[in-house]
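Below, each chain spelled out in residue letters.
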Amino acid sequence: MGSKIKGKDQIIFEVIGYILVFLFALACVIPFYLIIMGSFTKESTIVTTGYKLWLTAKDFSTEAYAMAFKSPQTILKAYGVTIFVTVVGTVLSIFLTTMTGYVLARKDFPWKNGISFFFFFTTLFNGGLVPYYLLCTTYLGFTNRIYSLILPGMFSVWNMIIAKSFMKGIPFEMVEAAKIDGAGDFCIYYKVILPMAKPLVATITLFVALAYWNDWYNCMLFMSTGEHWNLQYTLQNILNSSEALKRIAVLTGMQVGQLPSEGLKLAMTVIATGPIVLLYPFLQKYFVKGLTLGAVKG
């Protein structure tokens, strides 16, 4: 059979669609490109002429990165803490979220509606910051402990709802067939449910990993020393120190040279977001499929 000839209207529609998608993609890429270019630009150039799409030899500078990595062991240690927290927290969160969603989606679980209500209730009301802080520091011992960066983000009701909606689309007959073959609940979950929920796992992995990677709030609340500072909080402190030094120099008349404060902000953005941006292309196809299935099945 010959290929179907496209009509004029369809060709025009596709051309317009491709152009719009290209422009939207360009609008998303250009800001990040400007951030990278700005991080390699001299401070004087940024102040006088702003950001540039193309750099010349006289405008190129690595001062911002040199200042950010002035204490490389601090940055590397912060990277290690962030990677550890992200990996461990994401793995635990995936198992906890998918197991909860699987149980609440099972037709033979009699209390699924009542327990689902308690989960949903927590999205409407909470105890507030002060009771939360007192609970975590006084009774749970979160102060200066690495698990204080893992436990608060380990479970999300929103992610659990997505998991529950996805699990409803898995035929319950497969669970019954596995039970007839002698499989237990954990065996069914691990060998039947998880392999069929790869789009869901990839979607939640991206959500949770981003949340852990970008978290600085819990570090600010519970870490009074720099031993377990994560990357985001470490970079924030470097930036605050730079701004403080700049203000002191202005007030006292000290000559400390031109600090690359604007370039430092951009360099720290690249340092903090680079690794997680590289992860996204590998999860993109699962991410889109997981969101679509979760929306349709819900």
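Sequence order as written defines the numbering, with residues in each chain counted from 1. Owing to the predicted nature of the model, reporting of local features is limited to residues with pLDDT of at least 70; listing and counting of side-chain atom pairs is limited to 80 or more, with chain, interface and lining totals taken over all residues. By convention in this description, side-chain values take in all heavy atoms of the structure and omit both hydrogens and water.

Asks: Please clarify how the overall build of the chain should be interpreted in this entry.
Replies: When you go through the chain residue by residue, the secondary structure sums to 13 helices and zero strands. Secondary structure follows DSSP: runs of H or I at least 4 residues long count as helices, runs of E at least 2 residues long count as strands, and numbering of each begins at the N terminus. Mapped in sequence order, the helices and strands of the chain form the string α-α-α-α-α-α-α-α-α-α-α-α-α. The criterion used for residue contact is that any of the two residues' heavy atoms lie within 4.5 Å. Of all intrachain contacts in the chain linking residues separated by at least 6 positions in sequence, the fraction that spans at least 24 positions is 73%.

Asks: Help me understand the pattern of salt bridges, please; the structure alone is not making it clear to me.
Replies: A side chain of one charge can pair with a side chain of the opposite charge if their charged atoms are brought near each other. The salt bridge definition used is simple: a Lys or Arg side-chain nitrogen within 4 Å of an Asp or Glu carboxyl oxygen. The tally for this structure, following the rule as stated, stands at three salt bridges. Note that Asp108 and Arg106 form a salt bridge whose closest N and O atoms lie 2.6 Å from each other. A relative accessible area of 39% means that Asp108 is categorised as partly exposed. Residue burial is assigned from relative accessible area. The probe radius is 1.4 Å, only protein chains are included, and a residue is buried under 20% of its type maximum, exposed over 50%, and partly exposed in between. Judged by its relative accessible area of 8%, Arg106 falls in the buried class. Where Lys179 meets Asp108, a salt bridge forms, and the shortest distance between an N and an O atom there is 3.4 Å. Linking Lys179 in helix 8 (residues 172-180) with Asp108 in the loop between helix 4 (72-105) and helix 5 (112-121), this pair joins segments that are 71 residues apart in sequence. Overall, Lys179 belongs to the partly exposed group, its relative accessible area being 39%.

Asks: What is the right way to read helix 8 from this model?
Replies: Three- or four-residue spacings in an α-helix give side chains the same orientation, since the helix completes a turn every 3.6 residues. Along helix 8, the residues that are buried comprise Phe172, Val175 and Ala178. For helix 8, the angular spread of buried residues about the axis comes to 120°, placing them on one side. Facing away from the buried side of helix 8, by more than 90 degrees, are the exposed residues Glu173 and Ile180. As for helix 8, its buried residues are in contact with helix 4 and helix 9 (185-196). Gly182 sits one or two positions beyond helix 8 and adopts a positive phi of about 95°. When we speak of the arc, we mean the arc of directions from the helix axis to the C-beta atoms.

Asks: I would appreciate a short explanation of the packing of aromatic side chains in the present structure.
Replies: Each aromatic ring pair is specified by the distance between its two centres and by the angle formed by the two planes. In this analysis, rings of Phe, Tyr and Trp, with Trp reduced to its six-membered ring, are considered paired at centre separations within 6.5 Å, and the interplanar angle assigns stacked below 30 degrees, edge-to-face beyond 60, and tilted for intermediate values. One pass over the structure, following the stated rule, counts 16 aromatic pairs. Between the aromatic rings of Phe142 and Phe222, the centroid separation amounts to 5.3 Å while the plane-to-plane angle is 90°, which identifies the pairing as edge-to-face. Residue Phe142 is found in the loop between helix 6 (129-139) and helix 7 (157-167), and its partner Phe222 is found in helix 11 (residues 217-222); the two are separated by 80 residues along the sequence. By way of ring pairs, the aromatic residues Tyr132, Tyr133, Phe142, Tyr147 and Phe222 are connected into one cluster.

Asks: I'm lost on a nonpolar patch on the surface in this one. Help?
Replies: Nonpolar side chains (Val, Leu, Ile, Met, Phe, Trp, Tyr) are joined into patches within 5 Å and like charges within 9 Å, using only residues with over 30% relative accessible area and no salt bridge. Computed with the Shrake-Rupley method and a 1.4 Å probe, the accessible areas treat only the protein chains shown as cover for residues. Together, Ile11, Ile12, Val15, Ile16, Ile19, Leu20, Phe22, Leu23, Leu26, Ile30, Leu53 and Trp54 line one region of the surface with nonpolar side chains, adding up to about 1,200 Å² of accessible area. Its location among the elements puts Ile30 in helix 1 (residues 8-39). With relative accessibility at 35%, the residue Ile30 sits in the partly exposed group.

Asks: Hey, could you run me through the nonpolar core in this one?
Replies: One broad trend across soluble globular proteins is that nonpolar side chains are buried collectively. Buried residues of nine kinds, namely Ala, Val, Leu, Ile, Met, Phe, Trp, Tyr and Cys, make up a nonpolar core once their side-chain atoms join them within 4.5 Å. If you look at the biggest cluster of nonpolar residues, it comprises 29 residues, and the most contacted ones within it are Tyr102, Met167, Ile188, Ile193 and Leu200. Going through the elements one at a time, helix 4, helix 7, helix 8, helix 9 and helix 10 (198-214) are the ones with two or more residues in this core. If sequence neighbours within four positions are ignored, Met167 has contacts with Thr98, Gly101, Tyr102, Ala105, Ile193, Ala197 and Leu200. Leu231, Leu264, Ala267 and Ala272 belong to the second-largest nonpolar core, a separate cluster that totals 17 residues.

Asks: Explain the confidence of the model for the chain here, please?
Replies: Interpretation of this model should avoid reading the predicted coordinates in detail wherever pLDDT is low. Each residue carries a pLDDT score, the predictor's confidence in it, ranging from 0 to 100. Model confidence for the chain is summarised by a mean pLDDT of 82, while 87% of its residues fall at 70 or above. Looking across the chain, the model is least confident in helix 13 (residues 261-297), with a mean pLDDT of 68, and most confident in helix 11, with 92.

Asks: Just checking my understanding: could you explain the packing of helix 7 against helix 10 for this structure?
Replies: For any two helices packed against each other, the geometry comes down to the angle between their axes and how far apart the axes lie. To obtain an axis, a line is fitted to C-alpha atoms, over the contacting stretch when the element is a helix, and the angle between two such axes runs from 0 to 180 degrees between their N-to-C directions. Where helix 7 meets helix 10, the closest approach of the two axes is 10 Å, and the angle between their N-to-C directions is 175°. Put simply, helix 7 runs roughly antiparallel to helix 10. Here Asn159, Ile162, Ala163, Phe166 and Met167 of helix 7 come into contact with helix 10, specifically with Pro199, Leu200, Ile204, Phe207 and Val208. Amino acids are sorted into nonpolar (Ala, Val, Leu, Ile, Met, Phe, Trp, Tyr, Cys and Pro), charged (Asp, Glu, Lys and Arg) and polar (every other residue, Gly among them). Residue composition of the contact of helix 7 with helix 10, by class: nine nonpolar, one polar and no charged. Orientation labels follow simple angle bins: below 35 degrees gives roughly parallel, above 145 gives roughly antiparallel, 65 to 115 gives roughly perpendicular, and whatever is left gives oblique.

Asks: Mind showing me how you'd approach unusual backbone geometry here?
Replies: Even without being a glycine, Asn144 presents a positive backbone phi close to 55°. Structurally, Asn144 can be placed in the loop between helix 6 and helix 7. Assessed through its relative accessible area of 22%, Asn144 is described here as partly exposed.

Asks: I keep staring at the side chain of Thr45 and nothing clicks. Help me out?
Replies: Take Thr45: it is sitting in helix 2 (residues 43-49). For Thr45, the contacting residues outside a window of four places in its chain are Gly50, Lys52 and Asp59.

Asks: What should I look at first to understand the environment of Phe207 in this one?
Replies: Take Phe207: it is sitting in helix 10. By relative accessible area, Phe207 is classed as partly exposed at 26%.

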